[in-house]
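Observations on chain architecture
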Amino acid sequence: MEIDKIVNVVKERTPSLLGRGDFKRFSILLPLIKKDNDVHILFEVRSNQLRRQPGEICFPGGKMDPTDRDERHTAIRETMEELGLNESDITNVSPLDYFVSPFGTIIYPFVGVINNPDEIQPNPAEVGEVFSVPLSFFQSNPPQIFKVKFHVEPEENFPFNDIIGGENYKWQVRGMDECFYYYEDRVIWGLTAGILKHFLEVIEKSPK
């Protein structure tokens, strides 16, 4: 291949996340509602019938379908399906920072407003219950943060002889912060807490 053709191929492409095609993509909505003349954040408790993470607290969301227009559409669709809402009930949907997990997924979080929370009818196959927490509670109660450390474990036939340092190679091992919010008898942690913390930082940094 001629060098000019190579240059043109690279110049005309739109860069993306390296290896994106191998990642599973999920979208999540952090729902805001008005309750008792205050702003609340709505949470779901995952149904005990679910195979993955039954009973845990989360936001509405799920995996992108091939027919979804984009990540925003996925977040709205999943919220409609899980909470029994119409698309017109969910407004002002805006993106937060997306998250590339160490477990082969890309998470696209959004913030949106549910205008008719009294009309929520949770899908019992996915949602055990819903509850809300005043935004002001999180603004005055920061999370407890704990570190989770990862370790490297090469497979048995890994070619140590082909790398400098061999079996004593100094891998760059990283960790991640896990946030925990405690509200009454509820424990909000994991990805849900991480997205919540990011959202609170975004609105805290905004002009007063």
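Anyway, here's the lowdown on the structure attached to this text. As the structure is a prediction and not an experimental result, all values here were calculated from the model. (Residues numbered from 1 in each chain as written. Predicted model: local features only at pLDDT ≥ 70, side-chain atom pairs only at ≥ 80, totals over all residues. Heavy atoms only, no water.)

As for its position among the elements, glutamate 44 is in strand 2 (residues 38–46). Here glutamate 44 is buried and forms no salt bridge, its nearest opposite-charge partner arginine 46 lying at an N-O distance of 6.6 Å. In contact with glutamate 44, other than residues within four places in its own chain, are Glu56, Ile57, Cys58, Phe59, Pro60, Glu82, Leu83, Val127, Glu129 and Val130. (Helix = DSSP H or I, 4+ residues; strand = E, 2+ residues; numbered from the N terminus. Buried < 20%, exposed > 50% of the residue type's maximum accessible area, 1.4 Å probe, protein only. Lys, Arg positive; Asp, Glu negative; His and termini not counted. Salt bridge = Lys/Arg side-chain N within 4 Å of Asp/Glu carboxyl O. Contact = heavy atoms within 4.5 Å.)

Note that soluble globular proteins tend to have their nonpolar side chains buried in a common cluster. Core analysis: the largest hydrophobic core is formed by 25 residues, its most contacted members being Leu30, Ile41, Phe43, Phe59, Phe138, Leu196 and Phe199. When residues in this core are grouped by element, the largest group, 5 residues, is from helix 4 (residues 190–204). When neighbours within four sequence positions are excluded, leucine 196 is seen to be in contact with Leu30, Ile41, Phe43, Phe59, Phe138 and Tyr181. (Core = buried A, V, L, I, M, F, W, Y, C linked by side-chain atoms within 4.5 Å.)

Bringing the layout of surface pockets into the picture now. One number sums up the size of the largest pocket: a volume of about 1400 Å³. Along the wall of the largest pocket there are 41 residues; nearest its centre are Ile28, Gln53, Ile107, Leu191 and Thr192. Of all the secondary structure elements, the ones that give two or more residues to the lining of the largest pocket are strand 1 (24–35), strand 2, strand 3 (57–58), strand 4 (61–63), helix 2 (71–83), strand 7 (105–114), strand 10 (175–183) and helix 4. What the second largest pocket holds in volume is close to 180 Å³. Lining the second largest pocket are Phe138, Gln139, Pro142, Pro143, Tyr181, Lys197, Leu200, Glu201, Ile203 and Glu204. (1 Å grid on protein atoms, 1.4 Å probe; cavity = no way out; pocket = protein on both sides within 12 Å on 5 of 7 lines; lining within 4 Å. Points joined across faces, edges and corners; volume = space filled by probe spheres on them.)

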